Protein chains: 2
Amino acid sequence: MIKDKSFLIVGLGLLGGSMAMGLKKWNHKIYAIDIDKNAIAYALENGIIDEGSTETDAEIIGKADVIISGLYPSLIVDWIADNQKYFKSGALVTDVTGVKGAIVDKIQNILRPDCQFIGVHPMAGKEVSGVQYADPSIFLPANLIITPTEKNTQQAIDFIYEMGKELRFNNICQLSVAEHDKMIGYLSQLTHVIAVSLMNANDSHNLKEYTGDSFRDLTRIAKINEHLWTELFLLNKENLVQQIETFVAEINDFKDALEKEDVEKMKQKFITSTERRKYFDK
Amino acid sequence: MIKDKSFLIVGLGLLGGSMAMGLKKWNHKIYAIDIDKNAIAYALENGIIDEGSTETDAEIIGKADVIISGLYPSLIVDWIADNQKYFKSGALVTDVTGVKGAIVDKIQNILRPDCQFIGVHPMAGKEVSGVQYADPSIFLPANLIITPTEKNTQQAIDFIYEMGKELRFNNICQLSVAEHDKMIGYLSQLTHVIAVSLMNANDSHNLKEYTGDSFRDLTRIAKINEHLWTELFLLNKENLVQQIETFVAEINDFKDALEKEDVEKMKQKFITSTERRKYFDK
C-alpha cells in the first residue's frame, strides 16, 4: 500500500480526473494544474482535488511526491523540461500517454538525475472528454500497462503497481516500450483506423433504420477526438502503417478468394477467425 | 392481427425456432420439418411446435397457410420445387435468408400460380446455432426487412407486417431486392469481412491480456458459421467485392495521409467519421 503521498495531476481531463478521484479515496493529497479555469473550479467544488491552479505554480509542483501528466503527447516533454526545476527531489514522474516510443526516451534523457520518469498507459477511456465526465469506475475492466526501462528502479515499478491496485485496474502488466507500441498499433490504433474508414467509406446515414448491432459495435469508436488521435497516430506512424498494410493484405486475400469462389479458402478463414476469437472471450 | 393461422417452419434452427416460439404465443398452429430428429424432438418436448417430422410429410405441408423456410440459401429453391405439389392452395411462402437477389426471382419463377413467395430478412441472430438456443427476444431490438416484388399482393405484404408485429420486431420496413442486397453488403457482410480479416491479420492470442473493449467489439462477429456465411457471401459476390474495394480505398487513403503526415486530412477524416457515427446512436 502507498501511504500519505501527494499527487499532482497536470492536465485535468477525463483520465487525470478519474485518477484523481480514484486516488482521493485512499486519502492521498491531490493537486492539479490545468489551463482551463472551469476544470479546476469544477474539481475543487466536487472534492476531486485538494488544491488546484491554472498557472505553473512552483509551490504546488514542489509539494508533489508523484507527478502524473495527463497532457497531450506533444506537450509533455516541454512541460517537464520547463518545470522540472520546481520538482521535489526524488519525485516520480509518470503519464497516461497511449504511445511510448516517442516520449519515454526523450523525457528520461532530459530529466533531473534525482527524479525518475516511468511510462504508464491506462487502457481506459470514454467517447467524451473533460473532468466533468471523470469516473474511476472506467478502470475496473481495464489494463494498466507499465513500460519501464533500465533507468527505472524496482521501487518505482513497484510503486506504480500499488497505485494501479489502488485505482482498481483489472490487470497490471509490463511491456517494453517497443512491445507496447507494436501491440497498441494493432489492438487499438488499427481498430480505430478501421472504424473510421468503415464509417467514411459510405455516406450511409439513410441506412440508419436497417443497422444492426454488428455495424454499431464496429463503428462505436469512429466518434473520436481528432486532435489527440492525430497526434497518437503520428507518434506511432511506423508501427501503424505496417499494421494497416498487414490488415489490407489480409482483406484483399479474402476478396481474392471470394472473387475466385474458392470455397475452401473462405471456410478456412472463417474457421481460423472463429478459433482465434475464442481466446478473447471474457 | 393475424388469426388462427397454421405456420410450417422448414429447417428448425435458431431463427426458425425463435419464430416458432414467438408465433406460438398468439395461438397459431406451428408445424416443423427438419432432417435432425433431435431438433424436432427438442421442439416437441418444449412446446415450441405442435407437430413435427424429419421427413417430407405431405400432410403437414398441406396444412400450412404460411410456410417459412429456415433452410440454407442453397437448399431453398430445390425444396420448394420438389414440394410445392403438396402446398395448400393460396399458401404464402417466405424465408429468413440474408441475401435476396439470388433466390427471390428464381422462386417466384417456379412457384405455382396459386401460391405466393415474399422475401423476408429478420436481421437478428446469435453467435450460436440450433433450435435449443431459440429465443424470440432476439427480435426485440431487430429489423425485419421485407423485399416485395410486383408479383406480391398488398395483402401478402400486409400479412408479413402483421407477423412482424406479432414477433415484436423493433422496426419493419421494405426494400427492393437490389437495395436490400447492396445495403446488406455494406452494413452486414463487409463488417463481417473486416472482423474476420482483423482477427486473421495477426496471430494475437498472446495479446489477450492487453485487449480492451474496442478490439473485442470489432472482432465479436469473427466467430462465424463457415458454411452459412460462405454461401451468403458467394450469393452477394458482386455487391460485397465492390464494398470491400470501396473500404480498402478509404483505408489506403487514410494510410497515405498518415505517411505524408497530412495532419489536416487526418483530422478531417476523424471529424467526418464522428459526425456520421452520431446518426447511428440509439
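A quick note: this is a predicted structure, and the numbers were derived from the prediction, not measured. (Residues numbered from 1 in each chain as written. Chains lettered and ligands numbered in written order. Predicted model: local features only at pLDDT ≥ 70, side-chain atom pairs only at ≥ 80, totals over all residues. Heavy atoms only, no water.)

Hey, could you run me through the overall build of chain A in this one?
Across its full length, chain A holds 11 helices and eight strands. Principal-axis analysis of the C-alpha atoms gives chain A an extent of 70 × 45 × 30 Å. The proportion of buried residues among the 282 residues of chain A is 57%. In chain A, once contacts between residues fewer than 6 apart in sequence are set aside, the share between residues at least 24 apart is 69%. (Helix = DSSP H or I, 4+ residues; strand = E, 2+ residues; numbered from the N terminus. Buried < 20%, exposed > 50% of the residue type's maximum accessible area, 1.4 Å probe, protein only. Contact = heavy atoms within 4.5 Å.)

Would you explain the relation of the copies chain A and chain B in this entry?
For these two chains of identical sequence, chain A goes onto chain B by a turn of 180° and a shift of 0.0 Å along the axis, with RMSD 0.0 Å. Seen this way, the second copy is the image of the first under a two-fold rotation axis. Across chain A, the smallest distance between a C-alpha and the rotation axis is recorded for A:L218, namely 2.4 Å. (Least-squares fit on C-alpha atoms with pLDDT ≥ 70 in both.)

What is the right way to look at the interface of chain A and chain B in this model?
One frequently used descriptor of interface size is the decrease in accessible area upon assembly of the parts. Facing 82 residues of chain A, the contacting portion of chain B comprises 82 residues. Carbon and sulfur atoms make up 66% of the surface buried where chain A meets chain B, a total of about 8,600 Å² over both sides. Where chain A meets chain B, there are 10 salt bridges. As a salt-bridge pair, A:E245 and B:K255 come within 2.9 Å of each other at their nearest N and O atoms. (Buried area = accessible area lost by both parts, 1.4 Å probe. Salt bridge = Lys/Arg side-chain N within 4 Å of Asp/Glu carboxyl O.)

Would you explain the environment of A:D181 in this entry?
Residue and element names in this part refer to chain A. Checked against the element boundaries, D181 lands in helix α7 (residues 177-201). What makes D181 buried here is its relative accessible area of 5%. On a C-alpha basis, the gap between D181 and N83 in space is 27 Å, while along the polypeptide they are 98 residues apart. If near-sequence neighbours (up to four positions away) are discounted, D181 is found in contact with V99, K100, G101, N236 and N239. In terms of polar contacts, D181 uses its side chain to reach the backbone amide nitrogen of K100, at 2.9 Å. In terms of polar contacts, D181 uses its side chain to reach the side chain of H180, at 2.8 Å. (Polar contact = N/O pair within 3.5 Å; in protein donor to acceptor, adjacent residues only side chain to side chain.)

Would you mind showing me how to read helix α11 (residues 263-278) of chain B here?
In an α-helix, one turn spans 3.6 residues; hence positions three or four apart end up facing the same way. Spanning 16 residues, α11(B) covers 23 Å between terminal C-alpha atoms, matching the ideal 22 Å at 1.5 Å per step. For α11(B), the full list of buried residues reads B:M266, B:K267, B:K269, B:F270, B:S273, B:T274, B:R276 and B:R277. (Expected span 1.5 Å × (residues − 1).)

Explanation requested: the pairing of strand β2 (residues 29-33) of chain B in the structure shown.
Along any regular strand the residues' side chains alternate between the sheet's two faces. Residues and elements named next belong to chain B. In terms of burial, β2 is a largely internal element, four of the five residues being buried. Across five bridges, strand β1 (residues 6-10) lies against β2 in parallel orientation. Bridge pairing in β2 links V10 to I33. Crossover handedness for the path β1 to helix α1 (residues 14-24) to β2: right-handed. Alignment of β2 against strand β3 (residues 51-53), held across three bridges, turns out to be parallel. Within β3, the position partnered with Y31 by the bridge is E51. Following the chain from β2 across helix α2 (residues 37-45) to the adjacent parallel β3, one finds a crossover that is right-handed. (Pairing = 2+ DSSP bridges. Right-handed = clockwise from strand over helix to strand, strands pointing away.)

Looking at this structure, how should I read the sheet that holds strand β7 (residues 143-147) of chain A?
Whether parallel or antiparallel, the strands of a sheet pair through hydrogen bonds between backbone atoms. Residue and element names in this part refer to chain A. Spatial strand order, β3-β2-β1-β4-β5-β6-β7-β8: eight strands in an open sheet with mixed pairing. At either end of the open sheet lies a strand with only one pairing partner, and these are β3 (51-53) and β8 (171-174). Strand-to-strand twist across the sheet, computed as the mean angle between neighbouring axes with direction ignored, equals 20°. Inspection of the sheet shows strand β1 (residues 6-10) paired to strand β4 (residues 66-69) by four bridges, in the parallel sense. Residue pairing for β4: I9 is matched across the bridge by I68. The strands touched by helix α2 (residues 37-45) within the sheet are β2 (29-33) and β3, with β3 carrying the most contacts at an inclination of about 170°. (Axes fitted to C-alpha atoms, helices over the stretch in contact; angles between N-to-C directions.)

Where do I start with the pattern of salt bridges in this structure?
When charged atoms on two side chains of opposite charge get close, those side chains can pair. Across all of its chains, the model carries 34 salt bridges over all chains by this definition. With its nearest N and O atoms 2.8 Å apart, the salt bridge here joins B:K269 to B:E250. Taken together, the residues span a long stretch of sequence, with B:K269 in helix α11 and B:E250 in helix α10 (residues 237-259) at a distance of 19 residues. Neither residue differs from the other here; B:K269 and B:E250 are each classed as buried. The network of salt bridges with common partners includes A:E250, A:D253, A:K265 and A:K269.

Before we go on, may I ask you to explain the nonpolar core in this structure?
Taken as a class, soluble globular proteins show a tendency for nonpolar side chains to be buried jointly. In this structure, A:F247 and B:F247 are the most contacted members of the largest nonpolar core, which totals 76 residues. If we skip the residues at most four places from it in the chain, A:F247 touches A:L190, A:I194, B:I194, B:S197, B:L198, B:A201, B:F247 and B:I251. Judged by nonpolar contacts, the second largest core, of 37 residues, contains B:L23, B:V66, B:I118 and B:F139. (Core = buried A, V, L, I, M, F, W, Y, C linked by side-chain atoms within 4.5 Å.)

Would you mind going over the environment of A:E226 with me for this structure?
As for its position among the elements, A:E226 is in helix α9 (residues 226-235). Setting aside its immediate chain neighbours within four residues, A:E226 contacts B:K267, B:F270 and B:I271. For A:E226, the side chain forms a polar contact with the side chain of A:H227, separated by 3.5 Å.

What is the right way to read unusual backbone geometry from this model?
Phi is mostly negative for residues that are not glycine, and the peptide bonds are mostly trans. Positioned with a positive phi, A:D4 is a non-glycine residue whose angle comes to about 50°. When you line up the elements, A:D4 lands in the segment before β1. Note on A:D4: relative accessible area 66%, which makes it exposed. One non-glycine residue with positive phi stands out, namely B:R168, at about 65°. Within the secondary structure, B:R168 sits in the loop between α6 (154-166) and β8 (171-174). Accessibility expressed as a relative area gives 51% for B:R168, which makes it exposed.

How should the sheet that holds strand β4 (residues 66-69) of chain B be read in this particular structure?
Residues and elements named next belong to chain B. Strand order in this open sheet of eight strands is β3-β2-β1-β4-β5-β6-β7-β8, and the pairing throughout is mixed. For this open sheet the edge positions go to β3 and β8, each flanked by a neighbour on one side alone. Recorded for the sheet is a direction-independent mean angle of 20° between the axes of neighbouring strands. Against the sheet, helix α7 (residues 177-201) engages β6 (116-122) and β7 (143-147), with an angle of about 140° to β7.

What's the story with the packing of aromatic side chains in this structure? I'm lost.
The description of an aromatic ring pair rests on the distance of the ring centres and on the angle between the ring planes. Tallied over the full model, the rule gives 19 aromatic pairs over all chains. Ring plane angle 55° and centroid distance 5.3 Å describe the contact between A:F215 and B:F280, whose orientation is recorded as tilted. In this pair, A:F215 is assigned in helix α8 (residues 213-219) and B:F280 in the segment after α11, connecting two distinct chains. By the burial criterion, A:F215 is buried, and B:F280 matches it. Members of the aromatic cluster, joined through ring pairs, are A:W229, A:F233, B:F254 and B:F270. (Phe/Tyr/Trp six-rings, centres within 6.5 Å; stacked < 30°, edge-to-face > 60°.)

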